[in-house]
Amino acid sequence: MARPGRAAPSRRRGRTGRIPIALLVPAVLGLFFLVLPLAGLLVRAPWTTLPGRLAEPGVLTALLLSLQTATLATLVCLALGVPLAWLLARVEFPGRRIVRALVTVPLVLPPVVGGVALLLVFGRRGLLGGWLDSTFGITLPFTTTGVVIAEAFVAMPFLIIAVEGALRGADTRYEEAAATLGAGRWTTFTHVTLPLVAPGIAAGAVLCWARALGEFGATITFAGNFPGRTQTMPLAVYLALETDLEAAIVLSLILLTVSVGILASLRDRWITSP
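Quick look at the structure, then. Keep in mind it's a predicted model, so treat the numbers as computed, not measured.

Relative to the elements of secondary structure, W86 occurs in helix α4 (residues 57–90). W86 sits 107 residues away from T193 along the chain, and the two C-alpha atoms are 9.5 Å apart. Residues within four places of W86 in sequence aside, it is in contact with V91, L167, F189 and T193.

Structural data, given as structure tokens:
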């Protein structure tokens, strides 16, 4: 029996024994398969010239543009994705499963296809792009705004899934108590619901930002690859790979560092088991 004041040991964690070779071998091979490419990137990195390459104007421009567009795309996703996640989690309406499936389509859709779809909608001859161009003179493809739209399209499902899961796991009694005290729906949402799911929103926003930072296919298809205007870090890696391998490695190291930092910041919520 566990002593008072101490948690009883978990039976699940207490089970130990020999690891079957049939499981150990493919597990180790899988680990090597995932780690070796990253190790190769670190081994081939030009460490002696790394500081100078990081200070090159092209690298700094691509990095700054990536940070700006990823941040703007995340803000767009927060403004649109949080209400949509609330709708899917708290409101029963016909076709909700279909809407949820449509929301998650960008997760499995090839990014290049997403870029083509964006062109067909927001291009000058697209469903909305032609009207925007003729009425307001707004052109979205091959602009920095187009980069933000492409990144938001691909990254928003990550935010919606995280926030919807947080909403479904939140205790609704607090919202019911606020309603009984006379709080309106908007007041309850802003003062009760949002604070309850704030960790889920933060985690979803970080994942959304990281996905937007690494977006390539939809960006190059919809926004092009123009230095200083639409050339983000992944596009700069692609271009440098054809002319300067060391520059491509340096740019890849930056993205790798950001990815590892994101995973490290979310390890308690997304990696470790409860």
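Moving on, we get to the packing of aromatic side chains. For the coordinates displayed, the defined rule picks out six aromatic pairs. Taking the centre distance of 5.2 Å and the plane angle of 85 degrees together, the rings of W131 and F136 count as edge-to-face. Take W131: its relative accessible area is 47%, and that puts it in the partly exposed class. Centroid distance F142 to F226: 6.3 Å. Interplanar angle 85 degrees. Geometry classified as edge-to-face. Of the two residues, F142 sits in the loop between α7 (129–136) and α8 (144–169) while F226 sits in the loop between α12 (217–222) and α13 (233–243), which places them 84 residues apart along the sequence. Three or more aromatic residues joined by ring pairs form one cluster here, namely W86, W186 and F189. Against the face of F226 rests R229, its NZ or CZ located 4.6 Å from the ring centre.

Applying the stated criterion across every chain yields a total of five salt bridges. Between E164 and R168 there is a salt bridge whose closest N-O contact spans 3.2 Å. Residue E164 and its partner R168 are both found in helix α8; the two are separated by four residues, about one turn of the helix. Accessibility expressed as a relative area gives 8% for E164, which makes it buried. Among the charged side chains, a salt-bridge network with shared partners connects R100, E164 and R168.

With respect to the secondary-structure elements, R90 resides in helix α4. Residue R90 is classed as partly exposed on the basis of its relative accessible area, which comes to 25%. Separated by 19 residues in the primary sequence, R90 and L109 have C-alpha atoms spaced 27 Å apart. There is a polar contact of 2.5 Å between the side chain of R90 and the side chain of E175.

To continue, consider the packing of α4 against α8. The geometry of α4 relative to α8 is characterised by a closest axis approach of 6 Å and an angle of 40 degrees between their N-to-C directions. With respect to each other, α4 and α8 are oriented oblique. Helix-helix and strand crossings are classified by hand; for α4 and α8 the assignment is right-handed. Grouping the constituent residues of the contact of α4 with α8 by class yields 23 nonpolar, three polar and four charged.

Another point: the layout of surface pockets. If you add up the space inside the largest pocket, you get close to 400 Å³. Lining the largest pocket are 14 residues; nearest its centre among them are W86, E175, R185, F189 and T193. Elements that contribute at least two residues to the lining of the largest pocket include exactly α4, α9 (173–180) and α10 (185–196). When residues of the lining of the largest pocket are assigned to their parent elements, the largest contribution, five residues, is made by α10. Broken down by class, the residue content of the lining of the largest pocket amounts to seven nonpolar, three polar and four charged.

Our focus in this paragraph is the nonpolar core. Soluble globular proteins tend to pack their nonpolar side chains together in the buried interior. In this structure, V163 and L251 are the most contacted members of the largest nonpolar core, which totals 38 residues. Every element with two or more residues in this core is listed here: α4, α8, α11 (198–213), α13 and α14 (245–265). In this view, L251 contacts V59, M233, A236, V237 and A240; residues no more than four positions away in its chain are not counted. In terms of nonpolar packing, the next biggest core, distinct from the first, is built from seven residues, L118, L132, V154 and A218 among them.

Calculation rules
Residues numbered from 1 in each chain as written. Predicted model: local features only at pLDDT ≥ 70, side-chain atom pairs only at ≥ 80, totals over all residues. Heavy atoms only, no water. Helix = DSSP H or I, 4+ residues; strand = E, 2+ residues; numbered from the N terminus. Contact = heavy atoms within 4.5 Å. Phe/Tyr/Trp six-rings, centres within 6.5 Å; stacked < 30°, edge-to-face > 60°. Buried < 20%, exposed > 50% of the residue type's maximum accessible area, 1.4 Å probe, protein only. Lys NZ or Arg CZ within 6 Å of the ring centre and 35° of its normal. Salt bridge = Lys/Arg side-chain N within 4 Å of Asp/Glu carboxyl O. Polar contact = N/O pair within 3.5 Å; in protein donor to acceptor, adjacent residues only side chain to side chain. Axes fitted to C-alpha atoms, helices over the stretch in contact; angles between N-to-C directions. Parallel < 35°, antiparallel > 145°, perpendicular 65-115°, else oblique. Left-handed = near helix turned anticlockwise from the far one by under 90°. Nonpolar A, V, L, I, M, F, W, Y, C, P; charged D, E, K, R; others polar. 1 Å grid on protein atoms, 1.4 Å probe; cavity = no way out; pocket = protein on both sides within 12 Å on 5 of 7 lines; lining within 4 Å. Points joined across faces, edges and corners; volume = space filled by probe spheres on them. Core = buried A, V, L, I, M, F, W, Y, C linked by side-chain atoms within 4.5 Å.

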